Amino acid sequence: RPPGAAPCPAVVLSSDTGPHDRHGALLAEIARALSAAGFLVLRYDDRGCGASGGDFATATLTDLEADAAGAAAYLRGRADVASVSLAGHGEGALIACLLGAKDPALKAIALLGMPGRSLDRLLFDGTPGQEKLFEQIRASREDWMEIDERRTFVAWLRERFLLDPAAALQKVRVPRELFHGSRDREALTEGS
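Notes on the structure in this doc start here. (Residues numbered from 1 in each chain as written. Predicted model: local features only at pLDDT ≥ 70, side-chain atom pairs only at ≥ 80, totals over all residues. Heavy atoms only, no water.)

Considerations on the nonpolar core
Formally: Take the buried Ala, Val, Leu, Ile, Met, Phe, Trp, Tyr and Cys residues and link them wherever side-chain atoms come within 4.5 Å; each set so joined is a nonpolar core. Categorising residues by exposure relies on relative accessible area from a 1.4 Å probe, with only protein chains included: less than 20% of the type maximum marks a residue as buried, more than 50% marks it as exposed, and the intermediate range marks it as partly exposed. Helix and strand definitions follow DSSP, with helices as H or I runs of at least four residues and strands as E runs of at least two, each counted in order from the N terminus. Two residues qualify as a contact provided that any one of their heavy atoms is within 4.5 Å of a heavy atom in the partner residue.
Counting residues in hydrophobic clusters, the biggest one holds 44 residues, and the most contacted among them are Val-12, Leu-75, Ile-109, Leu-111 and Met-114. No other element matches helix H3 (residues 91-102), which puts seven residues into this core. Setting aside residues no more than four positions away along its own chain, Ile-109 makes contact with Leu-86, Ala-96, Cys-97, Gly-100, Val-172, Val-174, Pro-175, Arg-176 and Glu-177. In this structure, Leu-27, Leu-34, Ala-87 and Leu-112 belong to the second largest nonpolar core, which totals ten residues.

In structure tokens:
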């Protein structure tokens, strides 16, 4: 919470790929800076992490997007919140982008190091078999597949493989700002 009188603007922070709790170092630094600038900040545990219920291992991108939407809805219900924005890092930026296209009540979104290509393009290293496997995952209709004789959850991969970040960014209907490091070869830029 920022010092001073309420109501104040609020920001939901959404983390990068992988299981994270609300105490992650990068988001903690961002939260402190935003709070010092007058924002109420909500960091939340990814599903199945920290004090959060659910199972991260079977969470889809759609599930993670719903979790972030729930965090924004929670803030909107508070008397000390004047407006709600989203800030996401990496995959969290993709989630903020998807919500920025669906939720016109958002004040703004900040996209930190948002990937510039679909996950399969980021992962593809040119080895023969990998592209065939990625195509099977993209075309799958089931959440689970046999890969190397192991039952593997592929629903999250399929959603990330099929999500074009540049096309998603074009659908955003709220003010947005992209931030990335000058040497980040994976990040999306407005010209991507």
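The discussion continues.
Concerning the pairing of strand E6 (residues 150-153)
Test applied: Pairing between strands is defined by DSSP: at least two bridges between them are needed.
Two elements, strand E5 (residues 144-147) and E6, share four bridges in a ladder whose sense is antiparallel. For Trp-144, the partnering residue across the bridge sits in E6 and is Phe-153. A loop of two residues connects E5 with E6, the two strands running antiparallel in sequence, and Asp-148 in this loop sits at a positive phi of about 50 degrees.

Considering the sheet that holds strand E1 (residues 8-14)
Test applied: Each axis is a line fitted through C-alpha atoms, and for a helix only the stretch in contact is used; angles between axes span 0 to 180 degrees, taken between their N-to-C directions.
Taken in spatial order, the five strands make up an open sheet running E2-E1-E3-E4-E7, and their pairing is parallel. Sheet topology places strand E2 (40-43) and strand E7 (176-179) at the edges, where each strand pairs with a single neighbour. Across the sheet, the mean angle separating the axes of adjacent strands is 20 degrees when strand polarity is ignored. Sheet analysis places strand E3 (residues 81-89) next to strand E4 (residues 109-112), joined by four bridges and oriented parallel. Bridge assignment links Ala-87 to a residue of E4, and that residue is Ala-110. Contacting E1, E2 and E3, helix H2 (residues 61-76) runs over the sheet at an angle of about 165 degrees to E1. Lying over the sheet, H3 contacts E1, E3 and E4, oriented at roughly 135 degrees with respect to E3.

Side note on the packing of H2 against helix H6 (residues 155-162)
Stated precisely, the cut-off is as follows: In this scheme, roughly parallel covers angles under 35 degrees and roughly antiparallel covers those over 145, while 65 to 115 is roughly perpendicular and the rest are oblique. Residues were grouped as follows: Ala, Val, Leu, Ile, Met, Phe, Trp, Tyr, Cys and Pro as nonpolar; Asp, Glu, Lys and Arg as charged; and all remaining residues, including Gly, as polar.
Between H2 and H6, the shortest axis-to-axis distance is 8 Å and the interhelical angle comes to 85 degrees. Between H2 and H6, the interaxial angle falls into the category roughly perpendicular. Residues Leu-61, Thr-62 and Leu-64 of H2 form the contact with H6, whose participating residues are Trp-156, Glu-159 and Arg-160. Grouping the amino acids of the contact of H2 with H6 by side-chain chemistry returns three nonpolar, one polar and two charged.

Regarding the side chain of Arg-160
Within the element layout of this structure, Arg-160 appears in helix H6. Using a relative accessible area of 3% as the deciding quantity, one classes Arg-160 as buried. Excluding residues that lie within four positions of it along the chain, Arg-160 makes contacts with Thr-17, Leu-61, Glu-91, Leu-94, Pro-115, Ser-118 and Leu-119.

A word on unusual backbone geometry
Residue Asp-148 is not a glycine yet carries a positive backbone phi of 50 degrees. Relative to the helices and strands, Asp-148 resides in the loop between E5 and E6. Overall, the relative accessible area of 64% leaves Asp-148 in the exposed class. Of note in this structure, Glu-149 is not a glycine but carries a positive phi near 65 degrees. Its place among the elements puts Glu-149 in the loop between E5 and E6.

Concerning the side chain of Arg-138
Put simply, the rule is: We call two N or O atoms a polar contact when they sit within 3.5 Å, provided that within protein one can donate a hydrogen and the other can accept it, with sequence-adjacent residues counted only if both atoms are side-chain atoms.
In this fold, Arg-138 is placed in helix H5 (residues 130-139). Overall, Arg-138 belongs to the buried group, its relative accessible area being 15%. In this structure the side chain of Arg-138 is engaged in a polar contact, spanning 2.8 Å, whose partner is the side chain of Glu-131. Ignoring sequence-local partners within four residues, the contact set of Arg-138 consists of Asp-120, Arg-121, Glu-131, Arg-158, Phe-161 and Leu-162.

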